[in-house]
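Notes for the structure review
One-letter residues, chain by chain:
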Amino acid sequence: MKGILLEKVGGEFTLVDTLEKPKPGPTQVLVKSLVAGINPVEGFMQMTGMLVTAWPIVLGCDASGTVVEVGSSVKKFSEGDGIYGCTRLGTPGYCTFQEYFLMDENLAFKKSEAISLEGAATIGVGILTACLGLISGTKIKLEQNSAADSNEWIIVLGGSAGVGQYAVAKLCGYKVLATCSPSSDKASLGADATVSYKIPLAEQLAEIAKITKGKFSRCFDASAMAAETGMDALAQCGDPDAQVKHFASTNDWVPIEPKEGVEVYLCSLGQIGRSGSEHTAQVNQDMEGFIPVLERYFDEGLLKPMEYEVVGDVGVGEVLKGLDAFNARKGGEKKVVVRIAPDSA
Ligand SMILES: NC(=O)c1ccc[n+]([C@@H]2O[C@H](COP(=O)([O-])OP(=O)(O)OC[C@H]3O[C@@H](n4cnc5c(N)ncnc54)[C@H](OP(=O)(O)O)[C@@H]3O)[C@@H](O)[C@H]2O)c1
């Protein structure tokens, strides 16, 4: 089978045709890879080797394809079903930059006609991370209009990022203040208000205080770049009567300076499909719970795939163009996706 192989940390992505087609375990499915989304984590794993469980490795985790074989105990999927989501990261046999890969039944989304193949490849990483941050991290309920007070704000730092765009907070009935570049469009982000993260921190905090009037106790840093902004916003401008304030971040590699009264949650999507600690088990249990609800929200159009740009032609080798296009982005662009194979036939 063809795939894009990485030999070692810091190595080059290379097209090969020598990979073995994986075999699904009892609760797994084998997926024909049709469209792959590109994420920052691919470059991160290439450069640092973090999350990679064995070398050489094929990467790629935002999946969209067709089920071609089901494990003996699989109930949710049948051969021919559309499937999408986030595969296990850095684990041989599971990654999307190859012709066929494995997914765990309980951690995969079933695709309906409501979503295109390309749109499906924009969803898994972003939505699951946003739910870890907002639902597990800032302790809101994944339920439409579940906010106790519809005038309560949630701050999403990096609202135009792949993860930030999926701020389901709005769907849950909160007002969303997003930070982004001045060029990012507030309407397309679904935010009620935006603040530029390019202005000095003190000015950002003053804007946040003015817009929210202190009516917030939750902040999600989707960008992984804005811990200081988020922690300061909660401590200095958040609701003074809140017993606990919640800060969640996608940055789980740089320590965060603690602040009294602020609980910190670090997203760890990289634990998807893994085991070995209580935290990992909890992360996977949380995601298994989110997926059926999210499938329904996407099918009903309450949540929508991200805008995307298809890079290159069709074929596994096109991933190399997709990775180049992703690395050349300057911010605010659409999600980069690559067609790995023509439609399932
Ligand atoms: N720990 C986890 O589980 C996990 C999971 C997924 C992703 N991540 C990490 O989360 C980060 C974001 O991922 P992504 O896929 O959303 O990336 P992305 O689509 O490339 O978005 C990055 C965006 O961050 C925004 N940004 C940069 N600096 C900022 C700042 N100081 N304040 C606010 N926003 C800022 C920029 O917005 P503008 O375009 O408006 O300039 C940029 O578009 C990456 O570092 C990724 O590795 C972690």
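Under an unreviewed UniProt entry, the name given to the chain is Related to oxidoreductase, and the organism recorded is Phialocephala subalpina. In its Sequence similarities (unreviewed entry) section, the UniProt record describing the chain reads: "Belongs to the zinc-containing alcohol dehydrogenase family."

So, about the overall build of the chain. A tally of helices and strands in the chain yields eight helices and 16 strands. Scaling as 2.2 N^0.38, a compact globule of 345 residues should have a C-alpha radius of gyration of about 20 Å, and the chain matches this with 20 Å. The burial tally for the chain puts 56% of its 345 residues in the buried class. For the chain, contacts bridging at least 24 residues in sequence account for 69% of all contacts bridging at least 6. About 15,000 Å² of surface is accessible on the chain, with carbon and sulfur atoms providing 49% of the total.

Further remarks concern the environment of leucine 19. If you trace the backbone, leucine 19 turns up in the loop between strand 2 (13–16) and strand 3 (28–37). Excluding residues that lie within four positions of it along the chain, leucine 19 makes contacts with Met1, Lys2, Gly3, Leu5, Val58 and Gln98.

Turning our attention to the packing of aromatic side chains. Enumeration according to the criterion identifies two aromatic pairs in this entry. For the pair phenylalanine 44 and tryptophan 253, a centre-to-centre distance of 5.2 Å together with 45° between the ring planes defines the contact as tilted. One end of the pair, phenylalanine 44, is in helix 1 (residues 40–48); the other, tryptophan 253, is in the loop between strand 13 (245–249) and strand 14 (262–266), with 209 residues separating them in the sequence. Exposure remark for phenylalanine 44: the relative accessible area of 24% places this residue in the partly exposed category. Taking NZ or CZ as reference, lysine 21 lies 4.2 Å from the ring centre of tyrosine 100, over its face. Across the ring face of phenylalanine 326, the terminal group of arginine 329 is positioned such that the distance to the ring centre comes to 3.9 Å.

Here the focus is helix 3 (residues 124–137). Among the 14 residues of helix 3, 14 are classified as buried, and the element is accordingly described as predominantly covered. Where helix 3 ends, the next residue or the one after it, lysine 139, has phi of about 65°, a positive value.

Now for the sheet that holds strand 1 (residues 3–6). Pairing in this open sheet of three strands is antiparallel, and the strands run 2-1-4 from one edge to the other. Looking along the sheet, the strands with just one partner apiece sit at the ends: strand 2 and strand 4 (57–58). Pairing geometry for strand 1 and strand 4, over two bridges, is antiparallel. The residue bridging leucine 5 from the neighbouring strand is valine 58, located in strand 4.

The next point concerns the sheet that holds strand 13. If you trace the six strands from one edge of the open sheet to the other, you get 11-10-9-12-13-14, paired in parallel fashion. Edge strands, defined here as strands with exactly one partner in the open sheet, are strand 11 (193–196) and strand 14. The mean inter-strand angle of the sheet, taken between neighbouring strand axes irrespective of direction, is 20°. By the bridge criterion, four bridges tie strand 9 (residues 153–157) to strand 12 (residues 216–221) in an arrangement that is parallel. Looking at the pairing, valine 156 lines up with phenylalanine 220 of strand 12. Those strands touched by helix 3 are strand 9, strand 12, strand 13 and strand 14, and its axis lies near 155° from that of strand 12. Where helix 5 (residues 201–212) meets the sheet, its contacts fall on strand 9, strand 10 (175–180), strand 11 and strand 12, and the angle it forms with strand 11 comes to roughly 165°.

Another point: unusual backbone geometry. Following tryptophan 55, the chain continues into proline 56 via a peptide bond in cis, with omega recorded as -5°. Tracing the sequence through the fold places proline 56 in the loop between helix 1 and strand 4. Although it is not a glycine, lysine 213 adopts a positive phi angle of roughly 50°. Position of lysine 213 relative to the elements: it lies in the loop between helix 5 and strand 12.

A common way to express how large an interface is: the accessible area buried when the components associate. In terms of domains, the chain is made up of domain 1 (3–123 + 287–339) and domain 2 (127–267). Using C-alpha coordinates to define each centre, domain 1 is positioned 28 Å away from domain 2. Each side of the interface is counted separately: domain 1 has 17 residues, and domain 2 has 15 residues. In this assembly, domain 1 packs against domain 2 so that about 1,500 Å² is buried in total across both faces, 78% of it on carbon and sulfur atoms. Three residues, Phe290, Tyr297 and Met306, lead the burial of domain 1 against domain 2; their summed loss comes to 36% of the area buried on that side. On inspection of domain 1 and its partner domain 2, the count reaches zero salt bridges.

Contact pair helix 3 / helix 7 (residues 278–299): the axes reach a minimum separation of 10 Å and the direction vectors enclose 115°. In terms of axis orientation, helix 3 runs roughly perpendicular to helix 7. Relative to helix 7, the crossing made by helix 3 is right-handed. Here helix 3 contributes Ile127, Leu128, Cys131, Leu132, Ile135 and Ser136 to the contact with helix 7, which in turn contributes Val283, Asp286, Met287, Phe290, Ile291, Leu294 and Phe298. Residues that form the contact of helix 3 with helix 7 fall into these classes: 11 nonpolar, one polar and one charged.

Calculation criteria
- Residues numbered from 1 in each chain as written.
- Predicted model: local features only at pLDDT ≥ 70, side-chain atom pairs only at ≥ 80, totals over all residues.
- Heavy atoms only, no water.
- UniProt positions renumbered as here; feature names shortened; annotations may be inferred.
- Helix = DSSP H or I, 4+ residues; strand = E, 2+ residues; numbered from the N terminus.
- Rg over C-alpha atoms; globule rule 2.2 N^0.38 Å.
- Buried < 20%, exposed > 50% of the residue type's maximum accessible area, 1.4 Å probe, protein only.
- Contact = heavy atoms within 4.5 Å.
- Areas by Shrake-Rupley, 256 points an atom, 1.4 Å probe, with all protein chains shown as cover.
- Phe/Tyr/Trp six-rings, centres within 6.5 Å; stacked < 30°, edge-to-face > 60°.
- Lys NZ or Arg CZ within 6 Å of the ring centre and 35° of its normal.
- Pairing = 2+ DSSP bridges.
- Axes fitted to C-alpha atoms, helices over the stretch in contact; angles between N-to-C directions.
- Domains from an automatic or database assignment.
- Buried area = accessible area lost by both parts, 1.4 Å probe.
- Salt bridge = Lys/Arg side-chain N within 4 Å of Asp/Glu carboxyl O.
- Parallel < 35°, antiparallel > 145°, perpendicular 65-115°, else oblique.
- Left-handed = near helix turned anticlockwise from the far one by under 90°.
- Nonpolar A, V, L, I, M, F, W, Y, C, P; charged D, E, K, R; others polar.

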